[in-house]
Structures are given as structure tokens and as C-alpha cells.
There are 2 protein chains.
Amino acid sequence: MPNVRLALAQTNPTVGAIQANVAEILNQVSLAQQGGADIVVFGEMAVTGYPIEDLASRESFILEAELAVKALAAEILNLGYGDLAVVLGHPAMATSQEQTGWAIAKNCASVIRQGQIIGTYTKHHLPNYSVFDEYRNFVPGNNLLTFEHKGLRFSTVICEDIWQQGGPVAKLADAKTDVALILNGSPFEIDKDDRRFALVRDLVKRQNCAAAYVNLVGGQDDLVFDGDSIVLDSKGRLVARAKQFKSDLVFIDVAAKDELTVLGDHHLSKPNDNWQAWNALVLGLRDYIQKNGFKSAVLGLSGGIDSAVCATIAADAIGAENVFGVSMPSRYSSLGSKDDAEDLASRRGINYRVQAIEDLVTPFESALELTGLPAENLQARVRGVILMALSNKEGHLTLTTGNKSELAVGYSTIYGDTVGGYAPLKDVEKSLVWELAKWRNAYALSKDEVEPIPVSSIEKPPSAELRPDQVDQDSLPPYDVLDAILDSYINQRKSRAEIVSFGFDKAMVEKVLTLVDRAEWKRRQGAIGPKITGMAFGRDRRLPITNNYKG
Amino acid sequence: MPNVRLALAQTNPTVGAIQANVAEILNQVSLAQQGGADIVVFGEMAVTGYPIEDLASRESFILEAELAVKALAAEILNLGYGDLAVVLGHPAMATSQEQTGWAIAKNCASVIRQGQIIGTYTKHHLPNYSVFDEYRNFVPGNNLLTFEHKGLRFSTVICEDIWQQGGPVAKLADAKTDVALILNGSPFEIDKDDRRFALVRDLVKRQNCAAAYVNLVGGQDDLVFDGDSIVLDSKGRLVARAKQFKSDLVFIDVAAKDELTVLGDHHLSKPNDNWQAWNALVLGLRDYIQKNGFKSAVLGLSGGIDSAVCATIAADAIGAENVFGVSMPSRYSSLGSKDDAEDLASRRGINYRVQAIEDLVTPFESALELTGLPAENLQARVRGVILMALSNKEGHLTLTTGNKSELAVGYSTIYGDTVGGYAPLKDVEKSLVWELAKWRNAYALSKDEVEPIPVSSIEKPPSAELRPDQVDQDSLPPYDVLDAILDSYINQRKSRAEIVSFGFDKAMVEKVLTLVDRAEWKRRQGAIGPKITGMAFGRDRRLPITNNYKG
């Protein structure tokens, strides 16, 4: 009876950093070898990072990735690991017959053994919805790759191949596959984990094979790959689950497709949704900062909930000593707000300074005779100028603290509170901001740590404090109602008439939907931020700015 | 022998404005009927405007478009025009079997006669490259639609169907087509017209039929549809050419597929590339302003070439009386710059005011202790605050004047000179900005008008004037060299090594390419602007911000 030791290597590549990614792959190959593995499997495009977007149309890039795989094969043999089978994802050039003019490359999984690439699989189903543009960038393959290793049969498929019907994945049973190796670049969404498990379970039962689902981990622009790789046997039983939001290397002994054993301590369950959402936001920010060469972040601290949550995410991501908070009070800022901002910073030890804006705002007001909304926007823009000046002077990444509900209705000043390279709460609706704040405080208490977020920031009515006694609900419906309308319109793509039929006030629906449509130009100029839901602003939702549809 | 009068209706729809678009279609149908037409053909998606992007995934929108086509059919019959065949583009729901989960609609052409939709064609080739995402938004069809009318046989295809091999277009001859009706939403690119003509000529010769190529006209966000519809007979002879950059209705009498006659005065040739590029920029801006409900535009006038050209485009688009120029001199602005700004405004009668920035900049410099680059950026940002305040106060659209070369290398201050909703020169490299300025002045002279652009703005060395005696070439190579390197990297997608092999200095190539890559985050937050080349920034070039590839 065979006993094949399978290793799942969940790495965090950086897009474009081929040499660094391959060095980490080699590191994991060595660890796998030292752990007695017979075969080690990496994620989709582990060589280049994922998604590579239009880098796929640069021939020099694809060729460099192919050369890196060949060099890696030689190096593994050179290290004396030739018996180890290494399965990893990378792009490769399509033949001139396969190329479509725009798409010149393929999304591949190669198997390395004895210094040779013994086979290469090409992804068949190319996702071209949501945030994905693979039909733009790749040409599809149509054949399953199956190989024998140490007495078992393995077949490779890639990510979307298991989310669609038909194609190579339907041939796993016919190919007498013992273990399907599924290479993935599957971004985190709240609740998505359960869908992955259900998909793989259906697959193993239908095709009568075990499956190793290996995901990437790490932040890449607006996507967060959460790892959470899983192994199921042919009966659909969950055998192993890798860490979520961290690199990992998991070993499983396979005696037969229905006889798998995980090595070492292991948890099959996973933490709750709030823990997952929080860690996704932290990892997304950390990797954006580190992979883009920043060391620190600056943000405005208003005393409100959004900036408090952003600052806490930043402190969790890169350490409070690298987070620079700036309180920028105006004549309309309450004493409580200033206290809350200072309190927030002191709880975690975030760097803190105060820069009042009165003397900076007044000259503009006089010169341009500004009152009303233009004067409100002016205050936000002066704050933006301050943050960007500090960013330029001190080298910080600027964080913009707006949440998804505000972005939806354009409740923000463009070039004001929207300035920054990264928006941690871009895909977090206001209701969830509150929930995460409470969760994070409770989490701190459970660890005997100080609650990072002042309770008054959580409990007071939200306000932009751009005029006397202003609160958000002067202009907007209560956030629970707003978020429910936004869910219907944005996530469910319902019409005005349908949303009204759900029981919402007609005038309010009209107002909210009009605000959403009119804010499209602002969103188009907004910072990127981590996608954590099934429908994020940005690449996920592509609407014209010029759009007179009112339905 | 038949004699069928064919009308080509080149309309300018607004995306989403179904009722207004249909009203204009009905207006053109009446004009066609009054002109004795037997058949009238509209462009791709004339009912909804194009491209509708993710509106395609809103069922209520697709259903409304379908209902509008049915109502239009009834109304045409009601008007007594039942004998007229009307061919027009619109989206329609795919069947549940055809839907892919994300894509629920089809891109269609329907034929209306006697109040009925007598047939509907579905686009087969869905472009999913460059600015197009049709594979995301539509499901493809696979059958040619052929119908007889007044003794001739007509077949419909849509746009991309003639740009690719195979599919329904290959069956035109077998279907004994006399005239192929090609409905298009084909955006302007410099020189693209010749490619369209060549494609249609190859088609008519290969399939032995005449062809009416009907394009949309008008600006839609970053695209400019230029009209320029054409008719060729089966021998490949150009019979008619509709206006470029204007709505038009052209009549052709068809006796046989090789015997066509255009009615009325007619030009088969077209103006030069500079005329076309200029008119594309003017139409793009005009339609962005009008379709988004603006009446006026504001922009900073520095005395330099970019703002001079932008202001002139704006004056040509919406009238000088609706253009508001603001000179915002600093301590570093030369007297010549201020004079040139005023001269520019007075030549066309553009509204002009001066707002010195010294008193607005100094308080920030003192409060934040800014010198060097942060202080330079500060000046640009203070100007941005002024322009946005005026926009907020007076209701103008803000124009940002940066050109494509600057956007490429990030030679701009984000939230400073980049503020604005629309960037007229976004796809115009600096070399072309100069060329267009000279062309526009010469064009004015040829019409006995005052040259709109001061000669000194064209001739002086470009400078951001953010520090004493600064010129662009302190930081950048000469623009002709820069534009050549950018063409190799961005348009031709060459690697560093390849570009150096073309004869450019290695250190300069390294510097320019590094600047381009580092500016991706700024471009991602930039205003939209009209695409006039084969590779514009924005949807046309999708690269990760986090990208460590250095090849």
C-alpha cells in the first residue's frame, strides 16, 4: 500500500517579484523535503503573484517566469531533491496559433521532478466576472494533466476550473485520479470559505478522488488572499485546514484516496466572521505597505469611529509606533472629538499630533468668499493638504478612512477626506464598522489588553463636524436603513421599484439611489482598499459615470 | 430591378437614457420616411447608448430596453411607417440556459417592420480586450439574421463580428446577402478610420455583398464615437461616408449589390489627423459636460501650453463664455506666464480671474515647516483647493490639464494639478499637444480668425514654475525622447533591455520606466479623459499598483 507524504505550501508572493517569489518557493521546497514530503503543491501563479493583470501581455515578463521555473527545476535537482515532485502555478506563453492578438499567455500549473518539467496543465475556465479579467489576459487550455508518483495518481486543475461545470475537472474520475491538486488564487470574502469547502466536497464525491485545495495568502492591491487551504478525502471528509491569513506548510500522509492523515497539531474549525474580516483588513493593509516599500502610515484622527477603526487596523498591521495620527480640529470640532482622538492614540501608543486648521482655512474663505457647502468642503480639503504634506515630508503612506456606506452615497469631500493611497474601510459598510469596533474591543479584553477604541467613539452619533451641531443623519437615513437600501441596490442589483416594494420609503429610496449614481465619478478617483464582500467598489462594479438610467 | 432606398442614421445616444434615445430614433425614422427610405439602420446599442458596462447585469435595465423596442415598433406602425424596415441595436435578456451567472444579457440587432420585431441577431464575437469587457457583460450568439425587403436580401452583424475570423459574418455569401448591415459602437482612434475601411472592403469582396457600416457618434466617458459611417458596394468601392463627430442621416439607393448611389452632396474623403484628433477632444468634452448636466467648466491657466490647449478645446466645445480660467500665480510665476494666461483668455473671450496663492500657501509652510518637494506639491494643492472651491461655489466642471506624457511619468501633484472630473489631454502626449496647438492656430488663420493660443505659450520651455527657474527638463529627458521611450514601453510593451537596444541611454530608460511604474497609484485616482490612441491610460491598460516587475 502506498504512503505518499503530501505538503501544501501556502506562500505569499508579490506580483512581479519573480526572483523573490521563487526564492521563497525554494525555501518551502527545502522545508517540505526536510519534512519528508514526496510531493509539494503551491498556489496559482505562485511564481509571479496573482493577479498579474496586463503584465500577461508583456512577453518579456512571461518568458522570465518560464525561465524561472526551469531554473528552479535545475536548482531543486542540484540540492538533491530530485525525487520530490513540485507542483506550482506560473504563466507561460501560448503558441502563436493559440494567441488571440491581445491574450498571449496561459495560466499554468507545472509538475517538476528530477530537474525536469514533466507536465504542464493550462487553466480551462477563465473567470471574467467580478474582479477577474482572465479572458482578457489568458487563452484557455482543455486537457487534464495526470501523473503517477510513488504509486498514486495525481491530477492538476486551477481555481475557476472547480467553480464551473465541465472541462478537465469532469475527467478526474476517468483519469483514475487518487488526489486532485487544485491550485488557487481565491480572494477572501466573508463567508466564502464555506462555499469553497462545499465545492471541493461536491467535487471529491462526484469524481471519487481526494483533493488538496492550495490557496495563496497575502494582500495584492484590493484583494486579500486568505490562504485557508484544505484537504478532503474521497468521502468528502475534511482532513486538514491550513492557517488563514498566514503563510503555512501542511503535511498529509496519503495511504489511499479515502485514507489521509494530517501531521502535527491541527485545527479543522476556523474563527468567527468578525475575526476573519478584521484579519483580512489587517493583512491587506500590511501587505500594501510592505510590498510597496512604505514603513509607516499617516491618517487623520477625528475622534469618530471610522478613523479609530482605521488607526487600530494600522496599528495591528505595522505596529502602533509606525502609525502617525493627526488631529485637525476646526471651529466646529467638539471638545469630545479632540479628547477621543487623543484617547485613541494613547491607548495603543500611536504617534499623535494636533494641527488646528482655523488659520489655514480662513485665508481661503476670505479670498474666495466661501460659505455653506463649499466652505464645508474647504475644511476637508485643507485637512487633505495637511496629510499629504506630512506624507510627502515624512514618507508615510496616507490612509483615507471613509467607509463603504459613505463611498456609496458620496458622503465625502473629494480631494479632502478621500486623499490617500489606501482605504482600509472601502468595503466595510458603516454597520459593520461599528460591529468590528465592538468585536475588536472585546477581543482585546479577552486577551487582557486595553480596549483600543474609545467607547465614546463607538457610541456617539456620527458627524462630519463641518458645521455647527451637524450629524450624518441630517443628510442621510439612519445607517441601518441606508445599508439595507444599499445592499438591495448595489449587491442585489434591484431597481427603484423593487426596492420600494421591499417596504422602504419611496422618496428615501429615490434620494439614496440618486446619490449613489452621482457619486460614481468620485469613486472612480478613490483609493483602492481591501475587498471583503461579494461586491466591492472598484473592479468589482464597473458602471459608467455618464449614466442617465433611473430605474 | 429593385431600387431600395437605404438610410444610415448616425445618432448620439446617452448611456442609460432609453426614453430620450428612443425619441431621437423615432425622430430619425420620421426623417428617413420623409426622405423616401425603405430601410433605416442605426448603430450598436442605439437604444441604450454604448458601452453600458455593468448595467448589463441589471435585469430591470435590460427589460426596459426590450420594452422600449417593442413600444417603438408599435409607434412606428402607428405613424403609418409600417413598410419601413428599421434595424437597430439594443440589449436583450439571454435565456436562463444561455446565462452564465454573471452575464445575463445579449448585445442584439433587431429588425422592425409592420409594428413587429421580425428578427433579432445576437453579436457573436464579444470584444474583451483594450477598453472592452463584453465577455464579462454579454453571452454570445451564433446565427446570422437574413431578411428580404423590397426584393433585396439584408443580413445583420455587429461591430466586433467583422474584426475577427469566423462566426456569422463568414456566412454572408452563403445566405445570398445583397447588403450586410453592420451596426457599430467603434470608438475613435487616430488612424482607425483606415482600418475600418480596409476591414469592410475585405469583407465585401470575400462575401460578395455590399455593406453599410453604421457607427454611433458622441462622447461616453473616456470613449469618443466618431460616426464616420461608410457604405461600400460588393466591388469594394466606397459609395458614401457620413459626417465625422456629428450626427448624420445618409441616403443611398441600392439597385443591386454592385450598383449603389448616394443621394445629395457628399464627400468621400476626410480631413487630416490633427483635425480629427482635435474634434475628438472637443466632442468628448462637450458630451461629458452636457450628458452630465454641467453648463460650464473651470480650469487653471498657467500661461503654459497644456492649459492653453485645454482652454481652447473647452471654448470650442461649449463656447468661451462658459469657460472660466483662473490664473493662480505664486512667487515663482514669471511675469511672462501671467501675461500669457491673460492673453490666452482675452483672445477667445474666456472668463478670466486672478487669485494669487502666496497668502494661502504661507500659513501651511509655516505651520508644517515645509521646504523642497513637499513645498512644491503644496503650491499645486492650494491651486487645486481654489479650483474645487470655485467649482463647488459656481457649479463648473473642473478640468485637469495634464497631458499623457506627464501622467505617464507621474510629473504632477496628486490632489493638486490633477484635480478635476475630466482630463482633455489625458491621451495626448506632449509632442502632440504642441502639434495640435500649432495646427489649431493655423486653422484659425485659415478661417480669418484670431489665433487662440499665444505663440509664447507654444515656444517657451515647459515649466511647472514650482521653484525658481525650474523647467521640466531639469527632471525629465527632452519630450521627444521621453515620448519615444514611453511609446516603446506603454504602447509596444517592450522590456528595458529591448528599449535600450533601440539606442536609448540605459540610465534614462531605467529612470523613465521606474517613474512610469511608480505613478500607477496616481493614475488610478486620475480623472477620465478621451481616448484617441490605441493605448490610453485607464481601462485600456490595467496594471497592478503593487508590482515589483523590473523587466
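Residues numbered from 1 in each chain as written. Chains lettered and ligands numbered in written order. Predicted model: local features only at pLDDT ≥ 70, side-chain atom pairs only at ≥ 80, totals over all residues. Heavy atoms only, no water.

## Some words on the overall build of chain A
Reasoning step 1: Along chain A, the regular secondary structure elements total 16 helices and 19 strands.
Reasoning step 2: Since a compact globule built from 551 residues should have a radius of gyration of about 24 Å, the 25 Å found for chain A is in line with a globular shape.
Reasoning step 3: Expressed as lengths along the three principal axes of its C-alpha atoms, the size of chain A is roughly 80 × 50 × 45 Å.
Reasoning step 4: Looking at chain A as a whole, 64% of its 551 residues are labelled buried.
Reasoning step 5: Roughly 19100 Å² of accessible area belongs to chain A as shown, and the carbon and sulfur atoms make up 50% of that amount. (Helix = DSSP H or I, 4+ residues; strand = E, 2+ residues; numbered from the N terminus. Rg over C-alpha atoms; globule rule 2.2 N^0.38 Å. Buried < 20%, exposed > 50% of the residue type's maximum accessible area, 1.4 Å probe, protein only. Areas by Shrake-Rupley, 256 points an atom, 1.4 Å probe, with all protein chains shown as cover.)

## Let's talk about the relation of the copies chain B and chain A
Reasoning step 1: The operation relating chain B to chain A is a screw motion whose rotation component is 180°, with 0.0 Å of axial translation and a residual RMSD of 0.0 Å. When the rotation and shift are considered jointly, the pair of chain copies conforms to a two-fold rotation axis. In terms of C-alpha distance to the rotation axis, chain B has Gln-525 of chain B as its closest residue, with the C-alpha 2.0 Å off the axis.
Reasoning step 2: A share of 100% of the interface residues of chain B reappears at the interface of chain A, consistent with the copies meeting face to face through the same patch. (Least-squares fit on C-alpha atoms with pLDDT ≥ 70 in both. Contact = heavy atoms within 4.5 Å.)

## Let's talk about the domain arrangement of chain A
Residues and elements named next belong to chain A.
Reasoning step 1: Domains assigned within chain A are domain 1 (4-262) and domain 2 (275-524).
Reasoning step 2: Domain 1 and domain 2 are separated by 38 Å when their C-alpha centres are compared.
Reasoning step 3: Every contact between the two is made by 14 residues of domain 1 and, on the other side, twelve residues of domain 2.
Reasoning step 4: A combined buried area of about 1000 Å² lies between domain 1 and domain 2, and 61% of that area is made up of carbon and sulfur atoms.
Reasoning step 5: Across the domain 1-domain 2 interface, the total number found is zero salt bridges. (Domains from an automatic or database assignment. Buried area = accessible area lost by both parts, 1.4 Å probe. Salt bridge = Lys/Arg side-chain N within 4 Å of Asp/Glu carboxyl O.)

## What to know about the environment of Ala-71 of chain B
Reasoning step 1: With respect to the helices and strands, the residue Ala-71 of chain B is situated in helix α2 (residues 59-78).
Reasoning step 2: The spacing of Ala-71 of chain B and Glu-189 of chain B is 118 residues in sequence and 35 Å in space, taken between C-alpha atoms.

## As for the sheet that holds strand β13 (residues 238-241) of chain B
Residues and elements named next belong to chain B.
Reasoning step 1: Pairing is mixed across the open sheet formed by six strands, whose spatial order is β6-β7-β8-β9-β12-β13. On the outer flanks of this sheet lie β6 (145-149) and β13, each paired with one strand and no other. Neighbour-to-neighbour, the strand axes of this sheet turn through a mean angle of 20°, independent of strand direction.
Reasoning step 2: Pairing between strand β8 (residues 179-184) and strand β9 (residues 210-215): six bridges, direction parallel. Bridged to Ile-182 within β9 is Tyr-213. (Pairing = 2+ DSSP bridges. Axes fitted to C-alpha atoms, helices over the stretch in contact; angles between N-to-C directions.)

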